[in-house]
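The primary structure of each chain is shown beneath.
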Amino acid sequence: MSSGSPEILVVEDEASIASFVSLYLKNAGFEVRTAENGTDALTAVQTREPSLIILDLMLPDLDGLEVCRRIRQNSDVPILMLTARDEDVDKIIGLEVGADDYMTKPFNPRELVARVKSILRRVAPERREAQGERIVHGDLVIDAGRREVTVKGVEVQLAPKEFELLWELLDHRGLVLTRDQLLERVWGYTFAGDTRTVDVHVRQVRRKLGEAAPIVTVWGVGYKVSPAREATTAP
Ligand code: CA
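All of the points below concern the structure found in this document. Keep in mind that what you see is a predicted model, and the values were worked out from it rather than measured.

Some remarks on the coordination of the calcium ion
Phase 1: Coordination of the calcium ion by the protein is provided by Glu 12 (OE), Asp 13 (OD), Asp 56 (OD) and Met 58 (O), with metal-donor distances spanning 2.1 to 2.5 Å.
Phase 2: Linear spacing of the donor residues for the calcium ion on their chain is E-D-x42-D-x1-M.
Phase 3: With relative accessibility at 33%, the residue Asp 13 sits in the partly exposed group.

What to know about the sheet that holds strand E12 (residues 222–225)
Phase 1: The strand order across the open sheet built from three strands is E10-E12-E11, with neighbouring strands paired in antiparallel fashion. In the strand order of this sheet, the two ends are held by strand E10 (177–178) and strand E11 (215–218), each with one partner.
Phase 2: The sheet contact formed by E10 and E12 spans two bridges and is antiparallel. Looking across to E12, one finds that Thr 178 is bridged to Gly 222.
Phase 3: Packed on one face of the sheet, helix H8 (residues 196–209) meets E11 and E12 and runs near 145° to E11.

Observations regarding the pattern of salt bridges
Phase 1: One pass over the full model with this rule turns up 15 salt bridges.
Phase 2: A salt bridge links Glu 7 to Arg 48, with the nearest nitrogen and oxygen atoms 2.6 Å apart. Taken together, the residues span a long stretch of sequence, with Glu 7 in strand E1 (residues 7–11) and Arg 48 in the loop between helix H2 (38–47) and strand E3 (52–56) at a distance of 41 residues.
Phase 3: Judged by relative accessible area, Glu 7 falls into the buried class, the value being 13%.
Phase 4: Measuring nitrogen to oxygen at the nearest pair gives 3.0 Å for the salt bridge that ties Arg 70 to Glu 66. One end of the pair is Arg 70 and the other is Glu 66, both in helix H3 (residues 64–72) and four residues apart, which spans about a single turn.
Phase 5: By relative accessible area, which is 35% here, Arg 70 ends up partly exposed.
Phase 6: Accessibility expressed as a relative area gives 25% for Glu 66, which makes it partly exposed.
Phase 7: Ionic contacts of the salt-bridge type, sharing partners, join the residues Glu 12, Glu 14, Asp 56 and Lys 105 into one network.

Some thoughts on the packing of aromatic side chains
Phase 1: One pass over the full model with this rule turns up one aromatic pair.
Phase 2: When the ring of Phe 20 is compared with that of Tyr 24, the centres are 5.5 Å apart and the planes differ by 70°; the resulting orientation is edge-to-face. Of the two residues, Phe 20 and Tyr 24 are both situated in helix H1 (residues 15–27); the distance of four residues between them amounts to about one turn of the helix.
Phase 3: For Tyr 24, a relative accessible area of 26% corresponds to the partly exposed category.

The rules we used
Each chain carries its own residue numbering, running from 1 in the direction its sequence is written. Only residues with pLDDT of 70 or above have their local features reported here, since the model is predicted, and side-chain atom pairs are shown and tallied only from 80 upward, although totals for entire chains, interfaces and linings are computed over all residues. The basis for the side-chain values is all heavy atoms of the structure; hydrogens and waters are excluded. In this analysis a donor is any N, O or S atom within 2.8 Å of a metal ion (3.2 Å for sodium, potassium and calcium), and since water is not included, sites may seem incomplete. Only protein chains enter the accessibility calculation, which uses a 1.4 Å probe; a residue is then buried when its area is under 20% of its type maximum, exposed when over 50%, and partly exposed in between. DSSP calls a pair of strands paired once it identifies at least 2 bridges connecting them. The helix and strand labels rest on DSSP assignments: H or I over at least four residues marks a helix, E over at least two residues marks a strand, and numbering proceeds from the N terminus. Whether two residues are in contact is decided by their heavy atoms, any of which lying within 4.5 Å being enough. Between the N-to-C directions of two axes lies an angle of 0 to 180 degrees, each axis being a line fitted to C-alpha atoms and, for a helix, fitted only over the stretch in contact. Salt bridge, as applied in this entry: a Lys or Arg side-chain nitrogen positioned within 4 Å of an Asp or Glu carboxyl oxygen. Only Phe, Tyr and Trp rings are paired, with Trp represented by its six-membered ring, and only when their centres lie within 6.5 Å; those with planes under 30 degrees apart are stacked, over 60 edge-to-face, the remainder tilted.

So, in structure tokens, the structure goes:
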């Protein structure tokens, strides 16, 4: 029976991890469904979209990256990926795959629950709040209502967190934001988390925006936005 609690889909083939994660989530008040492989996960999402998906990278049939890609073709449902390897991180949260966040195994289940809560807290209100706001910075235009970034009028695709990170920095022009501040504002962590997440996203934004990327590293502190250059006219 639906109680109105957010429902989390846990996709993990290792039964011990799946039940352990489910237990912590249920204790935190969530409804939980589980899937043991990628195919079942895709079916579960089609049947009824959950509020959030915890998706293990290593699955017996389709791997987590492929599952995430397929879900992203039709849905913005928040996805938190579990991975055993650090080197997957760039791929996981990049646009190609499009997960919202990741955790490296072994993880603290309390932290997992904290992240699930913060992702859910952020998703809905943030999108409403941002309606209709637009920032112009040189050749760069970022439109929060339409979730659209353009450089000289050409749209650049950013993953959700890349978009929010860029917005947060532009919205605080003139200030330096520390990695912890960015984690808290963009990811909603209220404790010092893995600040490497911030660096990975900054790198992706710089790569995608090229010369139009306005983000400056302030060594030992964090990031800020460079002054806007005068907009050039598109050829
Ligand atoms: Ca697994």
